[in-house]
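Each chain, letter by letter, is given below.
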Amino acid sequence: MSLQVIDNATCTFCGCVCDDIQLHHDEFKIHKAKKACVLGTAWFLNHTAERKYPDALIDGKEATLDEAIEAAAEFLHEADMPLVYGMSNTTCEAQRECAALADQLGGLLDSHTSL
Amino acid sequence: MYWGGNPAECHPRHFTKYTIMQKSKFLPRGRKDRTMVLVDIRETKSVKASDIFLQVRPGKDFELITILRALIKDQPVGDDQIAETGLTREVLEDLVKRMKAAKFGCMFFGMGLSMTRGKHMNSAALLTLAAEMNAYTKFVAMPMRGHGNVTGADVMMRWQTGYPFGITFNRGYPRYNPGEFSTVDVLVRGDCDAAFIIGADPGGTMPQPAIDHLKRIPTIVLDPHVTHTSKLARVHITTASQGIAAPGTAYRMDEIPMPLKPALKSPYPTDEDVVRRINAAISRKPFWLPEGSQPQMLTAQV
Ligand code: SF4
């Protein structure tokens, strides 16, 4: 089977964010990451599109995405001082939604930078 | 100049792609036209790449930076003060001479500077040194950012709130105070009563009292993997990994936004999607002010 090639893909494993990686993939697994360094290669090759984990967990039990979203909203809404934290391994688009979430909740918003 | 970082192992392509190896119009010989200085407390793999290696005594970075600030202005510095940093006057004077002779200096500082004794005071001192060097030549300083899109988080929060991190909205508008609103402090003091964690694993990295508090309160985790934090959380939602299966934007450490080109089709939704749906679910509930009243908008007052 021939592999699909993506030119100039972006690696986000470290802060260098190299944007010249050539990925060879079959939509399920990445087989080769040309130009990436050891860390980047390991990162690309370690991910697959396989369903490794359940969609969601509530109190350690498997749940559907809809249930989990409802539960998350409930917990955050109930709280007096909710905290929104992290945002390193995610996209700017998701980070923007997080800012909106903290704003709507009247909560705390913080990232890795503060550590 | 790299200060308190080990790019050879933590940012492997930093040298070749951005700093010392590239040939350019004004530096046609690439590596040979540049001088690289490394300041660290021990010999790492990055030493091999450097021209000058300064082994500073652990915890003496602030003193060393302060001495350099004095030396560039020809102010007197005592021998015992220099001896305290573990370096000699000749080495430092040579460094100062080279710094002043440079056409364009760039300092990168890592966690070895910003996370050891002195913490953000060290970073502030180095930034001041870079600023003061501009009286002689062009100099800049930049932190070496770690995993993924932390830079993006700074940029995004600055854009949305005016502050880079450590923010609270509890009065309805953003306020900034690291130490009071920064996560470790909030968790160790046990201030917050729910936590929403995305793209991070504090359960594996934070001090134990902070983790204990995450266990006490309802914690919600969004992550491509079931992490340490997921195990102590009430809710975990699996999402697609950024850049591999989720599209979007990530910021490079010099604040250049880069589009992501995901290769794989993940069976999971993206972070963006899930957070947007949580937002929508919360907005269907009454607002958090008493009786669900809305905050007064500025336009209503004028
Ligand atoms: S390829 Fe290597 S240096 Fe480049 S972003 Fe990925 S991990 Fe960092």
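Residues numbered from 1 in each chain as written. Chains lettered and ligands numbered in written order. Predicted model: local features only at pLDDT ≥ 70, side-chain atom pairs only at ≥ 80, totals over all residues. Heavy atoms only, no water.

### Considering the overall build of chain A
Then step 1. From N to C terminus, chain A includes three helices and seven strands.
Then step 2. Ordered by position in the sequence, the α and β elements of chain A form the string β-β-β-α-β-β-α-β-α-β.
Then step 3. The C-alpha atoms of chain A give a radius of gyration of 18 Å, which is well past the 13 Å a tight globule of 115 residues would have.
Then step 4. Here chain A holds 115 residues, and the buried ones make up 53% of them.
Then step 5. Within chain A, counting contacts between residues at least 6 apart in sequence, those at least 24 apart form 24% of the total.
Then step 6. For chain A, the exposed area adds up to about 4,800 Å²; of that, 50% sits on carbon and sulfur atoms.
Then step 7. The average position of the 8 basic charges and that of the 19 acidic charges among the side chains of chain A differ by 15 Å. (Helix = DSSP H or I, 4+ residues; strand = E, 2+ residues; numbered from the N terminus. Rg over C-alpha atoms; globule rule 2.2 N^0.38 Å. Buried < 20%, exposed > 50% of the residue type's maximum accessible area, 1.4 Å probe, protein only. Contact = heavy atoms within 4.5 Å. Areas by Shrake-Rupley, 256 points an atom, 1.4 Å probe, with all protein chains shown as cover. Lys, Arg positive; Asp, Glu negative; His and termini not counted. Charge placed at Lys NZ, Arg CZ, Asp CG, Glu CD.)

### Description of the pairing of strand β3 (residues 30–34) of chain A
Residues and elements named next belong to chain A.
Then step 1. Sheet topology note: the strand β2 (residues 21–25)/β3 ladder contains four bridges and is antiparallel. Its bridge partner being in β3, His-25 is matched across the sheet by Ile-30.
Then step 2. Linking two consecutive strands that pair antiparallel, namely β2 and β3, is a turn of four residues; a positive phi of about 70° is found at Glu-27 within it. (Pairing = 2+ DSSP bridges.)

### Remarks on the domain arrangement of chain B
Interface size is often expressed as the accessible area that is lost when the parts come together.
Then step 1. Looking at chain B, the domain boundaries give domain 1 (2–143) and domain 2 (150–283).
Then step 2. Here domain 1 of chain B and domain 2 of chain B have C-alpha centroids that lie 33 Å from each other. (Domains from an automatic or database assignment.)

### Here's the deal with helix α11 (residues 208–216) of chain B
All names here are of chain B.
Then step 1. Turning to α11, its buried residues are Ala-210, Ile-211, His-213 and Leu-214. Burial along α11 is one-sided: seen end-on, the buried residues are contained in an arc of 160°.
Then step 2. Turning to α11, the residues buried within the fold contact α9 (183–189), β8 (194–198), α10 (202–205), β9 (219–223) and α12 (228–232). (Arc of directions from axis to C-beta.)

### Considerations on the pattern of salt bridges
Then step 1. Under the criterion given, the structure shown has 24 salt bridges over all chains.
Then step 2. Its salt-bridge partner being Glu-27 of chain A, residue Lys-265 of chain B comes within 3.1 Å of it at the nearest N-O pair. Separated into two different chains, Lys-265 of chain B in the loop between β12 (257–259) and α13 (271–283) and Glu-27 of chain A in the loop between β2 and β3 make up a pair that spans both.
Then step 3. For Arg-276 of chain B, the salt bridge goes to Glu-97 of chain A, with nearest N and O atoms at 3.3 Å. Placement of the pair is Arg-276 of chain B in helix α13 and Glu-97 of chain A in helix α3 (residues 92–105), with the two residues belonging to separate chains.
Then step 4. A relative accessible area of 36% places Arg-276 of chain B in the partly exposed class.
Then step 5. Because the salt bridges share partners, they merge into one network encompassing Glu-70 and Glu-74 of chain A together with Lys-285 of chain B. (Salt bridge = Lys/Arg side-chain N within 4 Å of Asp/Glu carboxyl O.)

### Concerning the sheet that holds strand β6 (residues 167–168) of chain B
Then step 1. Ordered by their spatial adjacency, nine strands build an open sheet running β5(A)-β4(A)-β10(B)-β9(B)-β8(B)-β6(A)-β7(A)-β6(B)-β7(B), and the pairing between neighbours is mixed. Two strands close off the open sheet at either side, each with one partner strand: β5 (61–63) of chain A together with β7 (175–176) of chain B.
Then step 2. Of the pairings in the sheet, the one linking β8 of chain B to β9 of chain B comprises four bridges and is parallel in character. Following the sheet pairing, Ile-198 of chain B is matched in β9 of chain B by Leu-222 of chain B.

### Some remarks on the interface of chain A and chain B
Then step 1. Every contact between the two is made by 89 residues of chain A and, on the other side, 95 residues of chain B.
Then step 2. The interface formed by chain A and chain B contains eight salt bridges.
Then step 3. Residue Glu-70 of chain A pairs with Lys-285 of chain B through a salt bridge whose shortest N-O separation is 3.8 Å.
Then step 4. Here chain A and chain B share 45 residue pairs in polar contact (both at pLDDT 80 or more) between them. (Polar contact = N/O pair within 3.5 Å; in protein donor to acceptor, adjacent residues only side chain to side chain.)

### Thoughts on the domain arrangement of chain A
Then step 1. According to the domain assignment, chain A consists of domain 1 (4–46) and domain 2 (56–114).
Then step 2. Distance between the C-alpha centres of domain 1 of chain A and domain 2 of chain A: 29 Å.

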